[in-house]
Amino acid sequence: MHDLRWAQGLGPALLAWCVGVALQLQQPFLWSAGVYGALAALALCVLGLTRWWCRSFKRDGRWREVATSWLGVSLGWGLLSFACTGGHALWASPGLDPALEGQDLDLVGVVEAMPQRQDIGWRFRFRVEQASLAHGAQSVSVPPRIQLGWYGQDGVTDSGWNVLALPEPVTAGERWRFRVRLKAPHGHLNPRGFDYELWLWEQGIRATGSVRTGASHPAPLRLAQTWAHPVEQWRQSVRDRLQSRLGLTGSIGFAGSGSPNVGGIVVALVTGDQAAIDRSDWDVFRATGVAHLMSISGLHVTMFAWLAAMVVGWCWRRAALWGFQGPLHWPAPQVGALAGLALAVLYAAFSGWGLPAQRTIWMLSVVVVLRLSAKQWSAGLVCLLAAAVVLALDPWGALQPGFWLSFVAVAVLLWTEQRPARPTEAAALPISAKAWPTGWSGRLGQKIWALLREQSVVTLALAPLCLLFFGQVSLVGLLANLVAIPWVSFVVTPMALLGVVWTDCALVAALALQPLTLALTWLASWPAASLNLALPPWGFAALALLAALLWVSRWPMSWKLASLPLLWPAVFWVAPRPAVGAFELLITDVGQGNAVLVRTAHHSLLYDAGPRYSVESDAGHRVLLPLLAQSLERLDVLMLSHRDSDHTGGAAAVLAMQPQALLSSSLEAGHPVLGMAASQTPCHRGQSWVWDGVFFEVLHPSLAQNDGSKPRSPNAVSCVLRISAGQRSALLAGDIEAPQEKALVQQGLAPVDLLLVPHHGSKTSSSAEFLQALRPKLALVQAGYRNRFGHPAPAVVARYAQMNIRLVGSVQCGAATWHSDAPEQVLCERERARRYWHHMPP
């Protein structure tokens, strides 16, 4: 009885701890240490008073005593977790002094983790030991852990990156002297997009920067090889050896053109280097629901530990038949659980000990310890304790998809295992245990049925979370996982890990992966392989998750059928659109480049496609495609203002996923992007059309200027688009400069409500007569944080201020949303989704 009451009181305490952490993560700003200390003291007082009240007074009804104690315990532990999480954030928050941003610094330190190889250089974590100003040798204080990029390029051309020479290799554990320029962590912030600043915060990285090279800077100097990070050194040597053996492209003699990069998959499975897997292969894995198997994520470690425990437990039982006495003293479930945890720890450590793997190891440790205890804890209590422990160590993990995928998978497996079927329920199962014959064939059938059921249960339970986080549910995922999980876990992964000591085993793993990846590619090609839906609101996804959990439980079928309406809001949710006669602009946060999504009641236009960040990365893949997918946006027109790479960098990716879009541009004949469009037309003055009561008109260039030849100045032929709905209008000006602005003024320009600032705020644009003719109430400028061009120019910013035009920059605002029916308001993503780890530049 005492254990039962203790467990009943522990449940509310653990749940309150998790809720307190979740509430603290919503804070836009951190409070002072004194406030968090006062909250912690208040929490301890509440817990003490609750304990004293429960021991000192008897109440008439037991429910009153229980309710009061639960309320006090919940309030006390919730306040305590809120205070502890806030204190943790304060302790981890010191960042880079703004005065040091953009200055040349000399740093000495150690490469902390396995560097990530890119086509243009290296990216790596760096532990700073000494820091000083480049000129004067004055010591300065910088964050101890930073992320550096060392690139061998000399700038960006309109065809991509002009790589002159790659820098020399960097190895984990080496001590280097670098001249660098640092800046505060600043990423792109778009609606429900990847939060790069949160990722850096969780990694403990408080500054990013690049290594300075060139004649005016001292060359980077390797000082010594240390033993500071031996596991990372080993990982890097294994990665390089495997890549050398398997080939950088994964071609091992039998892979034809377009075949999956099986060599990269093997490298990712062994070392956790997810960059080794091609983007096209990730698309296949997501479509077939096996992405968790191809990278060392939390869910992957969880499934690895679970399967390892099953194998070790089975071998332990069979060992008794061979005369071994161990199974008579230590039960197979306990031995299997400990072995699975130990193997998972070793696997996670070698794969880089990333935060997703750390969260999973802590979670599995709690589950195993409780399973080994004499007390019979419910699956809910086990998962609550595991979640509380993980959130105490890494509170920001609650905002990562891997946290929820791992916990839901473990919770469902524990729940279904702890709830054996009652006789009436067993009769309702398609195949009951009594249906299997006796003997080895019957036992094999039961095992196969158990595997099928467990896999179907996990797949169904995770479907709402996949819909919430990725907007995609694989309809062939159950079939694909039934084959892929045992094959990858029992064949591919063991052989790949043996490749650490014997490289030829990695080749065998790649050979074993080849038929699987070809089968997955075939499944992904099915017309209905995956279901793409708009990302639902959090509340709708929670209702769908509840319905999925009811379906995988052993509740009566009547309850399951009654839960089906809970799926409706998430599955059939449609993102709201403007009313007829109105339009909406989403000025995306893509850094130094332009990309504006224009939406009417039934049509969409994308004006420019953002920059190309590097050889293997562009705004299309990183920002625009996820943004379009989350609302199932179907583009009618892609308008590329001109040929510069900061406007066309993501065009190829957008056209590949939106082949129906008409390409309107000022690109010259023969430009590579033109060959990717199914239909195209040059933009020129005089073009106009009406969508849903909204008038679109191209004001520039003239047809003679955009004749298909390569222009001497691409900026001069930028497509200028005016959008009007009633008395409200907006002008998207591309990169036009003062001469083009003057020509537009001479043609006659009507005032507008919103102006997309020409040429990112360059001093060659935004002339006074142009602004006087337009008289915009609001101007938005898309420019990168601390970009090398100095956009927007101070003189231009002053000009807008002198003319009382509100200037909003993407650096301070993030993605900006503007509605024609509320022309004076702009919704900034950095204000709407403000959290204390977000950088707020002046």
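Remember, it's a predicted structure, so these values are computed and weren't measured experimentally.

**Section: the overall build of the protein chain**
(1) Moving on: Helix and strand counts for the protein chain stand at 28 helices and 28 strands.
(2) Moving on: Here the protein chain, with 842 residues, has 53% of them falling under the buried criterion.
(3) Moving on: If you take every contact in the protein chain between residues at least 6 apart in sequence, the share linking residues at least 24 apart comes to 70%.
(4) Moving on: By element, 63% of the accessible surface of the protein chain is carried by carbon and sulfur atoms, the whole surface being about 38,100 Å².

**Topic: the pairing of strand E18 (residues 662–665)**
(1) Moving on: Two strands pair when backbone bridges link them, and strand E17 (residues 637–640) and E18 are joined in this way by four bridges, in the parallel orientation. The residue of E18 that forms the bridge with Leu640 is Ser665.
(2) Moving on: Relative to strand E19 (residues 679–682), E18 runs parallel, the two being bridged by four bridges. Within the sheet, the bridge partner assigned to Leu663 lies in E19 and is Gln680.

**Remarks on the packing of aromatic side chains**
(1) Moving on: Taken as a whole and judged by the stated rule, the model has 25 aromatic pairs.
(2) Moving on: Plain terms: the ring middles of Phe583 and Trp818 are 5.6 Å apart, the flat faces sit at 55° to each other, and that makes the pair tilted. Of this pair, Phe583 sits in the loop between helix H20 (568–571) and strand E12 (584–587) while Trp818 sits in strand E27 (residues 816–819), and the two are 235 residues apart along the sequence.
(3) Moving on: When its relative accessible area of 0% is taken as the criterion, Trp818 is described as buried.
(4) Moving on: Members of the aromatic cluster, each reached through a chain of ring pairs, are Phe124, Phe126, Trp150, Trp176 and Phe178.
(5) Moving on: Taking the ring centre of Trp201 as reference, the NZ or CZ of Arg206 above it sits at 4.1 Å.

**Concerning the packing of helix H6 (residues 262–271) against helix H17 (residues 503–524)**
(1) Moving on: Taken N-terminus to C-terminus, the directions of H6 and H17 make an angle of 120°; their axes are 9 Å apart at the nearest point. Here H6 lies oblique to H17, going by the angle between them. For the element pair H6 and H17, the recorded crossing hand is right-handed. When H6 is examined against H17, the residues Val262, Ile265 and Val266 are found in contact with a partner set consisting of Ala506, Ala509, Ala510, Leu513, Gln514 and Thr517.
(2) Moving on: Looking at side-chain class alone, the contact of H6 with H17 contains seven nonpolar, two polar and no charged residues.

**Describing the pattern of salt bridges**
(1) Moving on: Enumeration according to the criterion identifies 22 salt bridges in this entry.
(2) Moving on: Between Glu112 and Arg127 there is a salt bridge whose closest N-O contact spans 3.0 Å. Of this pair, Glu112 sits in the loop between strand E1 (104–111) and strand E2 (116–118) while Arg127 sits in strand E3 (residues 121–133), placing them 15 residues apart in sequence.
(3) Moving on: A relative accessible area of 6% means that Glu112 is categorised as buried.

**Digging into the sheet that holds strand E25 (residues 778–781)**
(1) Moving on: Read from one edge to the other, the open sheet built from seven strands follows the order E20-E21-E22-E23-E24-E25-E26, with strand pairing classed as mixed. Here the strands that pair on one side only, and so sit at the sheet edges, are strand E20 (688–691) and strand E26 (806–809). Along the sheet, successive strands turn relative to each other by an average axial angle of 20°, direction set aside.

**Brief notes about the state of the cysteines**
(1) Moving on: Counted according to the given criterion, the structure contains two disulfides.
(2) Moving on: Note on cysteine connectivity: Cys683 is disulfide-linked to Cys719, with sulfurs 1.8 Å apart. Looking along the S-S bond of the Cys683-Cys719 disulfide, the torsion reads about -70°, which is the left-handed sense. A residue pair is termed long-range when its members are at least 10 positions apart, and Cys683 in the loop between E19 and E20 and Cys719 in the loop between strand E21 (694–700) and strand E22 (720–725) qualify at 36 residues. Accessibility classification places Cys683 together with Cys719 in one group, the buried group.
(3) Moving on: Sulfur-sulfur distance for the disulfide between Cys813 and Cys828 comes to 2.1 Å. Taking the sign of the S-S torsion, about -105° here, the bridge from Cys813 to Cys828 comes out left-handed. Taken together, the residues span a long stretch of sequence, with Cys813 in helix H27 (residues 810–813) and Cys828 in strand E28 (residues 822–828) at a distance of 15 residues. Side by side, Cys813 and Cys828 carry an identical accessibility label, which is buried.

**Looking at the nonpolar core**
(1) Moving on: Val266, Val270, Phe285, Val290, Met294 and Leu520 are the most contacted members of the largest nonpolar core, which totals 56 residues.
(2) Moving on: Take this core: its biggest share by element is eight residues, from H17.
(3) Moving on: Discounting residues that sit within four places of it in the chain, Val290 has contacts with Phe285, Ala480, Asn481, Ala484 and Leu520.
(4) Moving on: Within the second largest apolar cluster, 47 residues are counted, among which are Ala83, Ala305, Leu341 and Val368.

**Here we look at the confidence of the model for the protein chain**
(1) Moving on: Mean pLDDT over the protein chain works out to 85, with 88% of the residues at or above the 70 mark.
(2) Moving on: Here residues 248–257 scores under 50 on pLDDT; set against residues more than four positions off or in separate chains, the count is 16 contacts.

**Looking at the side chain of His217**
(1) Moving on: Here His217 shows up in the loop between strand E8 (208–211) and strand E9 (221–225).
(2) Moving on: Judged by its relative accessible area of 12%, His217 falls in the buried class.

**What about the environment of Gln147?**
(1) Moving on: With respect to the helices and strands, Gln147 occurs in strand E4 (residues 145–151).
(2) Moving on: Judged by its relative accessible area of 8%, Gln147 is buried.
(3) Moving on: C-alpha of Gln147 to C-alpha of Gly209: the two residues are 62 residues apart in sequence and 6.4 Å apart in space.
(4) Moving on: Setting aside anything within four residues of it in sequence, one finds Gln147 in contact with Arg123, Phe124, Tyr196, Trp199, Leu200, Ile205, Ala207, Thr208 and Gly209.
(5) Moving on: Separated by 3.1 Å, the side chains of Gln147 and Tyr196 make a polar contact.

**Digging into the pairing of E1**
(1) Moving on: Judged by how many residues are buried, E1 sits mostly within the fold: eight of eight residues are covered.
(2) Moving on: Note: E1 against strand E7 (residues 174–183), seven bridges, orientation antiparallel. What sits directly across from Val108, in E7, is Arg177.
(3) Moving on: Relative to E3, E1 runs antiparallel, the two sharing seven bridges. Bridging across to E3, Val110 finds its partner in Arg127.

**A short note on unusual backbone geometry**
(1) Moving on: Residues His700 and Pro701 are joined by a peptide bond in cis, for which omega reads 0°.
(2) Moving on: Among the structural elements, Pro701 can be located in the loop between E21 and E22.
(3) Moving on: With an omega dihedral of -10°, the bond running from His791 to Pro792 counts as a cis peptide bond.
(4) Moving on: Here Pro792 shows up in the loop between E25 and helix H26 (794–802).
(5) Moving on: A positive phi angle, near 55°, is found at His759, a position not held by glycine.
(6) Moving on: Within the secondary structure, His759 sits in the loop between strand E24 (754–756) and helix H25 (768–774).
(7) Moving on: Among the residues examined, His759 registers a relative accessible area of 13% and is labelled buried.
(8) Moving on: Its identity as a non-glycine residue notwithstanding, Arg786 has a phi of 50°, on the positive side.

**Observations regarding the sheet that holds E27**
(1) Moving on: Taken in spatial order, the eight strands make up an open sheet running E19-E18-E17-E14-E13-E12-E27-E28, and their pairing is mixed. Strands at the two margins of the open sheet, each flanked by one partner only, are E19 and E28. Going from strand to strand, the sheet's axes swing by 20° on average, the running direction of each strand aside.

What counts and how
Residues numbered from 1 in each chain as written. Predicted model: local features only at pLDDT ≥ 70, side-chain atom pairs only at ≥ 80, totals over all residues. Heavy atoms only, no water. Helix = DSSP H or I, 4+ residues; strand = E, 2+ residues; numbered from the N terminus. Buried < 20%, exposed > 50% of the residue type's maximum accessible area, 1.4 Å probe, protein only. Contact = heavy atoms within 4.5 Å. Areas by Shrake-Rupley, 256 points an atom, 1.4 Å probe, with all protein chains shown as cover. Pairing = 2+ DSSP bridges. Phe/Tyr/Trp six-rings, centres within 6.5 Å; stacked < 30°, edge-to-face > 60°. Lys NZ or Arg CZ within 6 Å of the ring centre and 35° of its normal. Axes fitted to C-alpha atoms, helices over the stretch in contact; angles between N-to-C directions. Parallel < 35°, antiparallel > 145°, perpendicular 65-115°, else oblique. Left-handed = near helix turned anticlockwise from the far one by under 90°. Nonpolar A, V, L, I, M, F, W, Y, C, P; charged D, E, K, R; others polar. Salt bridge = Lys/Arg side-chain N within 4 Å of Asp/Glu carboxyl O. Disulfide = S-S within 2.5 Å. Core = buried A, V, L, I, M, F, W, Y, C linked by side-chain atoms within 4.5 Å. pLDDT = per-residue confidence, 0-100. Polar contact = N/O pair within 3.5 Å; in protein donor to acceptor, adjacent residues only side chain to side chain.

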